[in-house]
Amino acid sequence: MDSDLEPVALTPQKQDSAWKHCEVYKYGDRVQMRCLYCKKMFKGGGITRVKEHLAGKKGQGTICNQVPEEVRLYLQQCIDGTVRRQRKRRRSSAEPLPIAYFPPSSEGETTQLVEASDVVAAGGGQRTKQRTYRSRKNSSNNNELANVEDLIGGDMDNNNLIPVAISSVKNIASFSKEREKTVHLAIGRFLFDIGAEFDAVSSVNFQQLVDAIVSGGFGVSLPSNEELKGWILKSCVDEVKKDIDECRPLWKKTGCSVLVQEINSEKGNKVLNFLVHCPEKVVFLKSVDATDMLASDDDDGDKLCEVLKEVVEEIGDTNVVQVITKCEDHYVSAGKKLMEAYPSLYWVPCAAHCVDKMLEEFGKIDWIREIIEQARTVTRIIYNHIGVLNLMKKFTYGNDILQPSFTSYSTNFATMSRIAELKPHLQAMVTSSEWNECSYSKEAGGLAMTETINDESFWKALTLANNITVPLLRVLRIVCSVRRPGMGYVYAAVYRAKEAIKTHLVHREDYLIYWKIIDKWWLQQQRLPLHAAGFYLNPRFFYNIGEEMRSEIHLAVVDCIEKLVPEDTDQDIIGKDINSYKNAVGIFGRNLAIRARDTMLPAEWWSTYGESCLNLSRFAIRLLSQTCSSLVGSGRILTPVEKVYETKNSIERQRLSDLVFVQYNMRLRRLGVESGDENVDPLSQSNMELLEDWVSRNQVCIEGNGSSDWKSLESIKRTEVAAVIIDETEDLGTGFDDGEIFKGEKEVSDEGYFTNISEKLFT
């Protein structure tokens, strides 16, 4: 059915808060919606049913158990009328709530407040009257009441007059565009004055800021510099610390992963960020200046190991399942010593880092390197000439041909995939009359771009490159996923990646070139049992593999049991319970549990159907709840972490450290909440590091006569989505019977493809 689903772009009229948390599709003549978190499909009931599903309102259908808590609470407030009750309390206080200020009207136009006609609403078995303030605009032509969406609530007293903040009003017909421009211009002046980036308006806190100012009314006082540095920052720090404290019981219940991210400054300083991941959320714990401990003379990793121990002790060593770092030598040494100090946890190299190394080596193969450069010549020309960029946006229906990803290497192949998707649109552009009439089409750069886009050999090579790299990009997205822990899927995803390469290259001598690259880097993961155990405990895959493969990876499960389950008696019970799971005995074999294998997250499945084998269920949930990558939650923050340690004053250093603590955790709160469906600006400063090689001008661009005047850039809204990835794990499929794929690691070791890292860790 999913192949018949046609993505539907949201229109400005879709203003209900729940629209941001679902995907909309057209199936024939019907519109269907899919929850972003649990992927449940709604075939009717409208957005109200989705909102009740997300808010946890019983009685109208199932409740989403994957939605972030802040989203659930917000939607509950929208339904229950919490905001309206708060307004009522403020109204009844000694100081009346000020009405939102309207900028001065244009000449000949006045604005006054009038009472709207009574709105009658049924609630709690009785009829309640309530009124709202509305704006009426008098002009020489006509008098017109503003079209305001009524606020209806069954808990209000009779004859209450409710002041409505302007941000709560959905449609105010009388609020002119000129007034809106005045507000936007004032916001722009402020952001430009402080040097904020354009992306600042994308913050989820921006609308809250505007709402708070509007609710405060005209003349509300602004915070001083001392207040921002003082009680306001302190309140935010306390708020974040309270949020982290609330996560600690979750760490104990499901286990957690310590994510170690390394940041290198331009001055050569190295900073380590420590994050804690559990299925509910990711939090930033602290950062440490690691310049000295990561120096070349500390290859034994003693200093680094001591820092890792401090973090593990702060979280609780019994709560930590794994510590994930990069796979460089000093991390390997420190990780090995950490496992000796804490026998109940694993040190694991970052799966995303390993996949990125594979893509880096793929990109160095001659024919792939050439096709990347050819593709870059097209994008450099387009993104350095306003006229060409406007034309491209017109023919691609507002879509960009650049696709930023987690790293620069994954960005290369994600962009190549996007270019292939937009092939017909690009070819239509260079054969159009608009392109032929463009002066740049006659110059060297334009002629070269036209030749490349019309060259079928270019597209053939690009398609082949995509066929062997897109499966690895899927692995990367799975291991970095916030909404779905990757532990139960990564083993299958790597299998499918190797299978796809074998399918498209056919000849063994051809696909082994790429398999050896994968095996060389994945060997570090393969020698650790977590991924294989996650595959074994995922019922979606386990019941679709043969007995031979089960026996091969069963040892990985036993290793994990002995390490992660401290009590011998519990280990013995789990060992017996595995037979019930293996043979689908009892509830495991019921039709309900069988159908749920493909629809539930693996940890959710064990929580629902594993109570008959309670110890095994707890162990499975603990393992399947973990991520596979330290890149989860990575990204640039406004206050560079390295700046904290370059500050000489100890008081200011602590203040900056707390500021980073607040900023990082605020950004982490947005993970999984934002839909990611917004059009990403490839020319923004936040994406420039990833896309620099794709948009930086070269000599051909300099010699062209195309304009670089950004003021001529046309704003073209997307009317057609290039590609929508509904679920990365959905087409991992069934059947894992290619023995050659799993024997690949042995062949790599036999042929001497071990890295120093692997030898150092496992010998």
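In the block above lies the structure referred to throughout.
A short tour of the structure in this document, coming up. Just so it is clear, the structure is predicted and the values come from calculations on it, not from any experiment.

### So, the side chain of Gln571
Consideration 1: The topology assignment puts Gln571 in helix H22 (residues 568–582).
Consideration 2: We classify Gln571 as buried; its relative accessible area is 17%.
Consideration 3: Beyond its immediate stretch of four places on either side in the chain, Gln571 contacts Ile561, Glu562, Val565 and Pro566.

### Quick notes on the packing of aromatic side chains
Consideration 1: Inspection of the entire model under this criterion finds 24 aromatic pairs.
Consideration 2: Residues Tyr511 and Trp515 carry aromatic rings whose centres are separated by 4.8 Å and whose planes lie at 50° to one another, so their mutual orientation is tilted. Of the two residues, Tyr511 and Trp515 are both situated in helix H18 (residues 508–526); the distance of four residues between them amounts to about one turn of the helix.
Consideration 3: What makes Tyr511 buried here is its relative accessible area of 4%.
Consideration 4: Look at Phe535 and Phe736: their rings are 5.2 Å apart centre to centre, the planes differ by 85°, and that puts the pair in the edge-to-face class. Residue Phe535 is found in helix H19 (residues 530–537), and its partner Phe736 is found in the loop between helix H29 (699–703) and helix H30 (739–750); the two are separated by 201 residues along the sequence.
Consideration 5: According to the relative accessible area criterion, Phe535 is buried, its value standing at 0%.
Consideration 6: Through successive ring pairs, a cluster of aromatic residues spans Tyr536, Phe542, Tyr543, Tyr581, Phe588, Trp605, Trp606 and Tyr609.
Consideration 7: It is Arg597 that lies over the ring of Tyr543; its NZ or CZ is 3.7 Å from the centre.

### Some points on the state of the cysteines
Here a disulfide denotes one covalent bond, and it connects the sulfur atoms of two cysteines.
Consideration 1: All told, the structure shown has zero disulfides when counted by the stated rule.
Consideration 2: This cysteine, Cys22, is not joined by any disulfide, and Cys35 carries the nearest cysteine sulfur, 8.1 Å off.
Consideration 3: Relative accessible area serves as the criterion here: at 6%, Cys22 is assigned to the buried category.
Consideration 4: Distance from the sulfur of Cys256, which forms no disulfide, to the nearest cysteine sulfur (Cys278) is 7.3 Å.

### Focus on helix H13 (residues 423–430)
Consideration 1: Considered for burial, the residues of H13 that qualify are His425, Leu426, Gln427, Met429 and Val430.
Consideration 2: Looking at the packing, one finds that the buried side of H13 touches helix H11 (386–395), helix H12 (408–421), helix H14 (433–437), helix H15 (444–453) and helix H16 (456–479).

### Points about the sheet that holds strand E10 (residues 256–264)
Consideration 1: Pairing in this open sheet of five strands is mixed, and the strands run E12-E11-E10-E13-E14 from one edge to the other. Pairing within the sheet leaves two strands with one partner each, and these edge strands are strand E12 (282–289) and strand E14 (346–349). Here the strands of the sheet are splayed against their neighbours by 25° on average, with no regard to which way each runs.
Consideration 2: Sheet analysis places E10 next to strand E13 (residues 320–325), joined by four bridges and oriented parallel.

### Considerations on the packing of helix H24 (residues 602–609) against helix H25 (residues 614–624)
Consideration 1: Relative to each other, H24 and H25 sit at 165°, their axes nearing to 9 Å. Classified by the angle between their axes, H24 and H25 sit roughly antiparallel to one another. The element H24 and its partner H25 pack so that their crossing is left-handed. Of the residues in H25, those in contact with Pro602, Ala603, Trp606 and Ser607 of H24 are Leu616, Ser617, Ala620, Ile621 and Leu624.
Consideration 2: Looking at the contact of H24 with H25 residue by residue, the class counts come to seven nonpolar, two polar and no charged.

Quick notes on the rules
- Residues numbered from 1 in each chain as written.
- Predicted model: local features only at pLDDT ≥ 70, side-chain atom pairs only at ≥ 80, totals over all residues.
- Heavy atoms only, no water.
- Helix = DSSP H or I, 4+ residues; strand = E, 2+ residues; numbered from the N terminus.
- Buried < 20%, exposed > 50% of the residue type's maximum accessible area, 1.4 Å probe, protein only.
- Contact = heavy atoms within 4.5 Å.
- Phe/Tyr/Trp six-rings, centres within 6.5 Å; stacked < 30°, edge-to-face > 60°.
- Lys NZ or Arg CZ within 6 Å of the ring centre and 35° of its normal.
- Disulfide = S-S within 2.5 Å.
- Pairing = 2+ DSSP bridges.
- Axes fitted to C-alpha atoms, helices over the stretch in contact; angles between N-to-C directions.
- Parallel < 35°, antiparallel > 145°, perpendicular 65-115°, else oblique.
- Left-handed = near helix turned anticlockwise from the far one by under 90°.
- Nonpolar A, V, L, I, M, F, W, Y, C, P; charged D, E, K, R; others polar.

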